[in-house]
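What follows is each chain in one-letter form.
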Amino acid sequence: MKKISLLILSLTFALLSVAQKSEDQLPKRKAGVTFSSFGSADGLQSAKGGASFSGKYFYSIGLNYMYSLHKWLDFETGMEYSHYTISIHPNLPPDMNRTPYDEQFSLISIPVSLRVNFLKYCFVNGGFELDFDPAFSSPIDSQDGIGSLLGVGLKYDSKFGVSAFVNPYFKIHSLISLSGIENHQRLFESGYRFGIMYKLK
C-alpha cells in the first residue's frame, strides 16, 4: 500500500513538473479585437405557417482572448456585439399586403471555441456560443440560447507579438433555445471574421 501511494505521489509530481515546463514554453495569452461581416444572416424555422425572413446586412465587433493549451491547440473566448438588418416576408392571404419590410435587432454573444493550428499559417476552429437578445422586443423569435460555430482561417504571427487572422465561419444561433418557444426561428449566419491580437506578458 505504501509503495502504491509513493508511486502515485511520484507520478503526480512528475506530471506537474512536465506540465509546468511545457506551459512555460508556450506563448501563453493573446488579446485583441475582431470585426465580422461580408456574409449572410438568414432564418430557419422548423414549422411552416409563420413569416419568414432573409438577411440584408450585419456586422459584429468583439473583444477576443486566446490561451495556448499546446503548440497546435488554442482555447478562444471573448464577447461580441452583433447588429442585423433583415427583410421580413409576411405569410398573409393574397388579398392582404404581403410586401416585405426591413427590421433591425442586435445580439450579445459569448463564444467558447478551440482552435487547431496546422501548416504554420492555417487553423480550423469550432465550438459553441451563448447568445443574449438585449431588446425587450424583436422582429423575430428570441435568439436567447446556445448556438454552434465552425470555421477555417489563415493567421500570421509577427516577431513583435502582434498577430492577425481572417476566419470564414458558419454559425447557427439558438440551436438550443432558452426562450421556451416551440418551433422557434433560428438565425443561420455565415461571414468573415477579421482579428488583430497582441501577445500578453
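Residues numbered from 1 in each chain as written. Predicted model: local features only at pLDDT ≥ 70, side-chain atom pairs only at ≥ 80, totals over all residues. Heavy atoms only, no water.

### Focus on the pairing of strand β4 (residues 101–118)
In this sheet, β4 lies alongside strand β3 (residues 73–89) in antiparallel orientation, the contact comprising 14 bridges. If you follow Thr77 over to β4, its bridge partner there is Val112. By the bridge criterion, 11 bridges tie β4 to strand β5 (residues 122–132) in an arrangement that is antiparallel. Paired with Pro111 across the two strands is Glu129, which belongs to β5. (Pairing = 2+ DSSP bridges. Helix = DSSP H or I, 4+ residues; strand = E, 2+ residues; numbered from the N terminus.)

### Details of unusual backbone geometry
The phi dihedral of Leu119 falls on the positive side, at around 50 degrees, and the residue is not glycine. By the secondary structure assignment, Leu119 is in the loop between β4 and β5. Given the relative accessible area of 68%, Leu119 is considered exposed. (Buried < 20%, exposed > 50% of the residue type's maximum accessible area, 1.4 Å probe, protein only.)

### Remarks on the nonpolar core
If you look at the biggest cluster of nonpolar residues, it comprises 11 residues: Ala41, Phe53, Phe58, Tyr84, Ile86, Ile88, Phe105, Leu107, Ile140, Tyr169 and Leu187. Elements that contribute at least two residues to this core include exactly β2 (52–70), β3 and β4. Counting residues per element, this core draws most heavily on β3, at 3 residues. Non-local contacts of Phe58, meaning those with residues more than four positions away in its chain, are made with Ser36, Ser37, Gly39, Ser40, Ala41, His83, Tyr84, Tyr169, Glu189, Ser190 and Gly191. (Core = buried A, V, L, I, M, F, W, Y, C linked by side-chain atoms within 4.5 Å. Contact = heavy atoms within 4.5 Å.)

### Examining a nonpolar patch on the surface
On the surface, Phe35, Phe38, Ile61, Met79, Tyr81, Ile108, Phe132, Tyr192 and Phe194 cluster together to form a nonpolar patch covering roughly 820 Å² of accessible area. Counting residues per element, the ones that place at least two in the nonpolar patch are β1 (29–45), β3 and β8 (185–199). Since its relative accessible area comes to 44%, Ile61 is described here as partly exposed. (Patch = residues over 30% accessible without salt bridge, like charges linked within 9 Å, V, L, I, M, F, W, Y side chains within 5 Å. Areas by Shrake-Rupley, 256 points an atom, 1.4 Å probe, with all protein chains shown as cover. Salt bridge = Lys/Arg side-chain N within 4 Å of Asp/Glu carboxyl O.)

### Thoughts on empty space enclosed by the protein
Here the structure, examined in full by the defined rule, presents 1 cavity of 30 Å³ or more. What the largest cavity holds in volume is close to 130 Å³. Counting residues per element, the ones that place at least two in the lining of the largest cavity are β3, β4 and β7 (162–177). Grouping the amino acids of the lining of the largest cavity by side-chain chemistry returns 3 nonpolar, 5 polar and 4 charged. (1 Å grid on protein atoms, 1.4 Å probe; cavity = no way out; pocket = protein on both sides within 12 Å on 5 of 7 lines; lining within 4 Å. Points joined across faces, edges and corners; volume = space filled by probe spheres on them. Nonpolar A, V, L, I, M, F, W, Y, C, P; charged D, E, K, R; others polar.)

### Focus: the side chain of Ser163
Positionally, Ser163 belongs in strand β7. Polar contacts involving the side chain of Ser163 include one to the side chain of Lys30, which spans 3.2 Å. Among all residues touching Ser163, those that are not within four sequence positions of it are Lys30, Tyr156, Asp157, Gly195, Ile196 and Met197. (Polar contact = N/O pair within 3.5 Å; in protein donor to acceptor, adjacent residues only side chain to side chain.)

### Re the confidence of the model for the protein
Any region with low pLDDT has predicted coordinates that should not be read closely. The predicted model of the protein averages 80 in pLDDT, with 76% of residues at 70 or higher. Within the protein, the lowest mean pLDDT, 45, falls on helix α1 (residues 2–25), and the highest, 93, falls on β5. Overall, residues 1–9 carries pLDDT values under 50, and its contacts beyond four positions in sequence, including any with other chains, amount to 0 contacts. pLDDT under 50 marks residues 11–16. Its contacts with residues more than four places away, or in other chains, come to 0 contacts. (pLDDT = per-residue confidence, 0-100.)

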